[in-house]
Amino acid sequence: MYWKEMLGAIAKPDKNGKTYELSTDYKFEGLQEYPRPQLQRSSYINLNGLWDYRVVDGKGRVASSGKIQVPFSPETQLSGVKFRMLQPEDTLEYTHRFTLEKVKKNKHLIIHFGAVDQVAFVSLNGVNIGLHEGGYTAFSFDITDYVVEGENELKVKVRDYTDRIGYGRGKQSLEPCGMWYTAQSGIWQTVWMEWVPAAYVSELVITSDIDTASVRLVMKVSEIKGKVNITSSNQDLIKSFKVDEIKDDKVIVTIKLGNYRLWSPEDPALYFITVDYGKDSFSTYFAMRHFGVATDEAGIPRLTLNHKPYFMNGVLDQGYYPESLMTPPSDAAMINDIEVIKSMGFNMIRKHCKIEPMRWYFHCDRIGMIVWQDIVNGGTKYDMNMICNIPTVVRPFGNTRDKNRLFLKFTGRNTPRSKEIWYGECEETIKQLRSVPCLGAWCLFNEGWGQFDANACLEFAKKFDDTRPYDSASGWFHEGCGEIFSEHIYFEDLKAKKSNKPYVISEYGGFSLKVGNHVKRDAVYGYKKYEQAKDLQDAFDKTMETIKSLEAQGLSAAVYTQVTDIEDEVNGLMTYDRKVQKLY
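All of the points below concern the structure found in this document. Remember, it's a predicted structure, so these values are computed and weren't measured experimentally.

Scoring rules and cut-offs
- Residues numbered from 1 in each chain as written.
- Predicted model: local features only at pLDDT ≥ 70, side-chain atom pairs only at ≥ 80, totals over all residues.
- Heavy atoms only, no water.
- Pairing = 2+ DSSP bridges.
- Helix = DSSP H or I, 4+ residues; strand = E, 2+ residues; numbered from the N terminus.
- Patch = residues over 30% accessible without salt bridge, like charges linked within 9 Å, V, L, I, M, F, W, Y side chains within 5 Å.
- Areas by Shrake-Rupley, 256 points an atom, 1.4 Å probe, with all protein chains shown as cover.
- Salt bridge = Lys/Arg side-chain N within 4 Å of Asp/Glu carboxyl O.
- Lys, Arg positive; Asp, Glu negative; His and termini not counted.
- Charge placed at Lys NZ, Arg CZ, Asp CG, Glu CD.
- 1 Å grid on protein atoms, 1.4 Å probe; cavity = no way out; pocket = protein on both sides within 12 Å on 5 of 7 lines; lining within 4 Å.
- Points joined across faces, edges and corners; volume = space filled by probe spheres on them.
- Nonpolar A, V, L, I, M, F, W, Y, C, P; charged D, E, K, R; others polar.
- Axes fitted to C-alpha atoms, helices over the stretch in contact; angles between N-to-C directions.
- Phe/Tyr/Trp six-rings, centres within 6.5 Å; stacked < 30°, edge-to-face > 60°.
- Buried < 20%, exposed > 50% of the residue type's maximum accessible area, 1.4 Å probe, protein only.
- Polar contact = N/O pair within 3.5 Å; in protein donor to acceptor, adjacent residues only side chain to side chain.
- Expected span 1.5 Å × (residues − 1).
- Arc of directions from axis to C-beta.
- Contact = heavy atoms within 4.5 Å.
- Parallel < 35°, antiparallel > 145°, perpendicular 65-115°, else oblique.
- Left-handed = near helix turned anticlockwise from the far one by under 90°.
- Disulfide = S-S within 2.5 Å.

What follows deals with the sheet that holds strand β23 (residues 301–305). Taking strand neighbours across the sheet as the criterion, the 3 strands line up as β22-β23-β24 in an open arrangement whose pairing is antiparallel. Edge positions in the open sheet fall to β22 (291–295) and β24 (308–309), since each of these has one partner strand only. In this structure, β23 lies alongside β24, joined through 2 bridges in antiparallel fashion. From the neighbouring strand, L305 faces β24, where its bridge partner is K308.

On the surface, K102, K104, K105, K107, K225 and K279 cluster together to form a positively charged patch. Along the chain, the position of K225 falls in the loop between β16 (214–221) and β17 (228–231).

The next point concerns the layout of surface pockets. Approximately 950 Å³ is the volume attributed to the second largest pocket. Surrounding the second largest pocket, 45 residues form its lining, K12, C177, M179, W180 and M384 being those nearest its centre. Partitioning the lining of the second largest pocket into residue classes produces 18 nonpolar, 14 polar and 13 charged.

Let us now look at the sheet that holds strand β8 (residues 127–133). On the basis of which strands lie adjacent, the open sheet formed by 6 strands has the order β3-β2-β4-β10-β7-β8 and antiparallel pairing. Looking at strand neighbours, the two that pair on one side only are β3 (62–70) and β8, the edges of this open sheet. Pairs of neighbouring strands in the sheet enclose a mean axial angle of 20°, with direction left out of account. Across 8 bridges, the pairing between strand β2 (residues 49–56) and β3 is antiparallel. When the bridges of β3 are listed, W51 appears paired with I68.

Now for the packing of aromatic side chains. Scanning the model with the defined rule gives 34 aromatic pairs in all. Their ring planes at 45° and their centres at 6.0 Å tell us that F407 and F477 sit as a pair that is tilted. Highlighted residues: F407 in helix α5 (residues 400–407) and F477 in the loop between β29 (470–471) and β30 (485–489), separated in sequence by 70 residues. For the residue pair F407 and F477, the accessibility class agrees, reading buried in each case.

Within the sequence span of helix α4 (residues 384–394), burial applies to M384, M386, I387, C388, N389, P391 and T392. Measuring from the backbone nitrogen of N385 back to the side-chain oxygen at the start of α4 gives 3.2 Å, which picks out D383 as the cap.

In this section: the pairing of strand β18 (residues 238–247). The pairing of β18 with strand β19 (residues 250–257) spans 8 bridges and is antiparallel. In the strand pairing of β19, K242 is matched with T254.

One pass over the structure, following the stated rule, counts 32 salt bridges. We note a salt bridge from D90 to R84, for which the minimum N-O separation is 3.1 Å. Between R578 and D337 there is a salt bridge, and its shortest N-O distance comes to 2.8 Å. Separated by 241 residues along the polypeptide, R578 in the segment after β34 (555–561) and D337 in helix α2 (residues 331–343) bring together distant segments of the chain. The residues R578 and D337 share a single accessibility class, namely buried. Residues joined in a network through salt bridges with shared partners are R36, R41, E194 and D280.

With 8 bridges joining them, strand β15 (residues 201–209) and β16 adopt antiparallel strand pairing. If you follow V201 over to β16, its bridge partner there is V221.

The next point concerns helix α8 (residues 533–553). An α-helical turn contains 3.6 residues, so a residue and the one three or four places further along point in the same direction. The end-to-end C-alpha separation of α8 is 31 Å, in line with the 30 Å expected for 21 residues at 1.5 Å each. Considered for burial, the residues of α8 that qualify are L536, Q537, A539, F540, T543, M544, I547 and L550. Along the long axis of α8, the arc covered by the buried residues comes to 160°, so they all point the same way. In α8, the exposed residues that point more than 90 degrees away from the buried face are K534, K542, E545, K548 and A552. Where the residues of α8 are buried, they touch β25 (312–317), β31 (503–509), β32 (511–512) and β34.

Let's shift gears to the packing of α2 against helix α3 (residues 358–367). For the pair α2 and α3, the least separation of the axes is 10 Å and the interaxial angle reads 40°. With respect to their mutual orientation, α2 and α3 come out oblique. Between α2 and α3 the crossing geometry is right-handed. Between α2 and α3, the residues in contact are D331, M334, I335, I338, E339 and K342 and R359, W360, H363, C364, R366 and I367, respectively. Among the residues forming the contact of α2 with α3, the class breakdown is 6 nonpolar, 1 polar and 5 charged.

This part covers the state of the cysteines. Scanning the entire structure with this criterion turns up 0 disulfides. With no disulfide of its own, C353 has C443 as its nearest cysteine by sulfur position, at a separation of 8.2 Å. By relative accessible area, C353 is classed as buried at 3%. The thiol of C438 is not disulfide-bonded; the next cysteine sulfur, from C364, is found 4.9 Å away.

Here is the structure:
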């Protein structure tokens, strides 16, 4: 019977357990790689490095100040600060001075921020240039009119409200314990600049169509001016291209392809092209693949890749590192996690409650790893008993409609402002990631965290991308919409259930083992706890055999929890520091 394990998982570990310094072996080399692989220009100025910072508390007092290593949050080891968690009433202020030898005539200078958690106010040389809300998506400003030759002073003021207003926060908590991790704040992805001509491409949407052997480029441009040219070093790739439409600030181009291979995890074929728009020139890439839903020969609804049923054997990935939290310490760190996952036989990663730097998605594209992307959860504070603990216990009883009516009042999305925030963050997330070839599905809500009106939210999301399946509610609060029916099953027997949609076990496993001095804290959080590595491996092997057998019975995909240990959680395939691979 699973009740004992269930109650043990609900119980929180001792939050006063002793903590330890822990880090991976990856060498930090400044994160100098170009951060946006699908719109890459030769003009590139990386602003990562030592900046000045200070924290001003709610009473106007300076609580901390000094140097900080950007792009690492002040709560991380690699920032060099090791500041306590920023509180909702605090303001984190950054100052950075950079020198321009020359301001280029007839060109624009754009500054880009990969992500700043949660609300960023940006000024340059004393002039306010913009505000961005949301801690996980990229944003940019044209600073041409505000820069000068010689020294320039950039300031970024940050407020991080965590769960007070409704912004996306993922797994961050001001009281980390169990499944909730240390909250972080401020700049946590690369800051960079680039020079562009007056007429340039500011956004690019790439849609491949394997049925017509074509690729569609929708380019948002600053000016309707300049001819389009597209080239590739692969002489057999491009048969022709034509400009289909020029309207308002959009230029739409269709490329007809010659010889190409379909993308899959087994053959991750990518194609790189150069696009010229007048004097603007950049490189990009695409893949030819299609993600969808269809019934197989037995009439079972299936997820498909390139119009064929394809079982997606996935793993849950939170993307945390002990020395840097949500910021990968290096390109090598990202690559290693993906390659280890693939070496274990997984072909899909569910990116959970987080958006990664764009280079992470590029590595999934080229290594061959399907990604299911969560819209980052937010909202105000959750009642975890009402939306997690009790629903887990009562899952076998009652119908979904009754449970939703009872429990969805406690999801932290009861204010108009928090709902407005979700719509804005969802739109930005989809627009940022919709051109990524490996992205195979969207997940709108996880276990009711910030969930509200999934039908309306799904309709909204599809305005920005209707080319992939949606899991509108992963876990248990299903609202009858989306292309996928998914459940989280940690304590019951794993089964393939009948459904009129592809049936997915979108979380299972959570097998836990504490490994020596490779833990962050003297605590153990997980769903099924083991004392010996052999017992853990045996349980894992048996469970994976079960998952394989369920495919024939109608299971379309499954997601094992999880890639690495994180703080209290010791349920990873690897330890938090990536130094021990616990399962093979």
